[in-house]
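# Coordinate analysis (summary)
Spelled out from the first residue to the last, the chains are:
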Amino acid sequence: MHKVLVSACLLGQPVRYDGRASGHPDLLQQWQAEGRIVPLCPEVAGGLPTPRPPAEIPGGQGAAVLEGNAQVLTITGEDVSAQFLAGAQLALALVRRHGIRIAVLKSGSPSCGNVLTYDGTFSGTKVAGEGVTTALLRREGVQVFSELELEAAELALKQL
Ligand code: SF4
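My aim in this report is to walk through the structure given alongside it, one point at a time. Remember, predicted model here, so these are calculated numbers, not experimental data.

The next thing to look at is the sheet that holds strand β1 (residues 4-7). By definition, the strands of a sheet pair up through backbone hydrogen bonds, in either a parallel or an antiparallel sense. Pairing within the open sheet is parallel, and its four strands lie in the order β2-β1-β5-β8. Taken across any chain shown, the strands that pair with only one partner, and hence form the sheet edges, are β2 (37-40) and β8 (143-145). For this sheet, the mean angle separating the axes of adjacent strands, direction not counted, is 25°. Taken together, the three bridges between strand β5 (residues 102-104) and β8 define a ladder with parallel strand orientation. What sits directly across from V104, in β8, is F145. Running at roughly 165° to β2, helix α4 (residues 81-98) makes contact with β1 and β2 of the sheet.

Encoded structure:
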């Protein structure tokens, strides 16, 4: 059975920066019942506490963080790039261990976002970009969907 890496906050786990979860869509509950899901919160796995200050990437590009060309900064200016990079590496290790080709990660996050991220101004402004974990997983060839693209994720899973 093909496994799927899923953001832990999409499975009802209260691991978001604000100490809350992000829902638990029916499809993910079904996959969980099938034993298909490998859950991960990259930020918590990388060593950050919950709750934690919100963090953004100036410019919003996770790939730039991977390359050392951007930092992940909290709203108070603390550099948490090392924790974000550690979480991304743990995600990569899980993907390799389980042969995972598909992930469903939370939209908009500086770790997990796959289409849009916040721009680093903490003003709610989104830009085209992907989080640090998503950028690393895509380099590995993993197809990364968000909770807003579950039909596409289900189709991609069927086509494996
Ligand atoms: S979006 Fe990703 S990093 Fe943020 S709480 Fe969810 S799983 Fe953790």
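The biggest cluster of nonpolar side chains holds 15 residues, and the ones touching the most others in it are V4, V6, L28, W31, I37, I102 and V104. Within the residue set of this core, elements represented by two or more residues are β1, α1 (26-33), β5 and α6 (150-158). In terms of residues, this core owes the most to one element, α6, which gives four residues. Apart from the residues within four sequence positions on either side, V6 is in contact with L11, L28, I37, V38, P39, L40, V104 and L105.

The alternating pattern of β1 places V4 and V6 and L5 and S7 on opposite faces, both of which are buried. Alignment of β1 against β2, held across four bridges, turns out to be parallel. When the bridges of β2 are listed, V4 appears paired with I37. The parallel pair β1 and β2, bridged by α1, forms a crossover whose chirality is right-handed. In the sheet, β1 pairs with β5 via three bridges, with the strands oriented parallel. Opposite V6, over in β5, you have V104 as the bridge partner.

Further remarks concern unusual backbone geometry. Leaving glycine out, the prevailing phi sign among residues is negative, and the prevailing peptide bond configuration is trans. Residue P51 follows T50 across a cis peptide bond; omega there is -5°. For P51, the position within the fold is in the loop between α2 (42-45) and β3 (55-56). A positive phi angle is found at F122, which is not glycine, with a value near 55°. Mapped onto the fold, F122 is located in the loop between β6 (116-118) and β7 (126-128).

In this section: the side chain of S81. If you trace the backbone, S81 turns up in helix α4. With a relative accessible area of 10%, S81 lands in the buried category. In terms of polar contacts, S81 uses its side chain to reach the side chain of D79, at 2.5 Å. Filtering out sequence-adjacent residues up to four positions away, S81 remains in contact with V65, A70, Q71 and V72.

Quick look at the pattern of salt bridges now. Opposite charge on two side chains permits pairing when their charged atoms draw close. Throughout the structure, instances matching the rule amount to eight salt bridges. Across the pair E147 and K106 runs a salt bridge, and its minimum N-O distance is 3.2 Å. Of the two residues, E147 is situated in the loop between β8 and α6 and K106 in the loop between β5 and β6; the sequence distance between them amounts to 41 residues. Taking relative accessible area as the criterion, E147 reaches 17% and is therefore assigned buried. You can call K106 buried: its relative accessible area is 18%. A salt bridge links E130 to R138; the nearest nitrogen and oxygen atoms lie 2.7 Å apart.

The rules we used
- Residues numbered from 1 in each chain as written.
- Predicted model: local features only at pLDDT ≥ 70, side-chain atom pairs only at ≥ 80, totals over all residues.
- Heavy atoms only, no water.
- Pairing = 2+ DSSP bridges.
- Helix = DSSP H or I, 4+ residues; strand = E, 2+ residues; numbered from the N terminus.
- Axes fitted to C-alpha atoms, helices over the stretch in contact; angles between N-to-C directions.
- Contact = heavy atoms within 4.5 Å.
- Core = buried A, V, L, I, M, F, W, Y, C linked by side-chain atoms within 4.5 Å.
- Buried < 20%, exposed > 50% of the residue type's maximum accessible area, 1.4 Å probe, protein only.
- Right-handed = clockwise from strand over helix to strand, strands pointing away.
- Polar contact = N/O pair within 3.5 Å; in protein donor to acceptor, adjacent residues only side chain to side chain.
- Salt bridge = Lys/Arg side-chain N within 4 Å of Asp/Glu carboxyl O.

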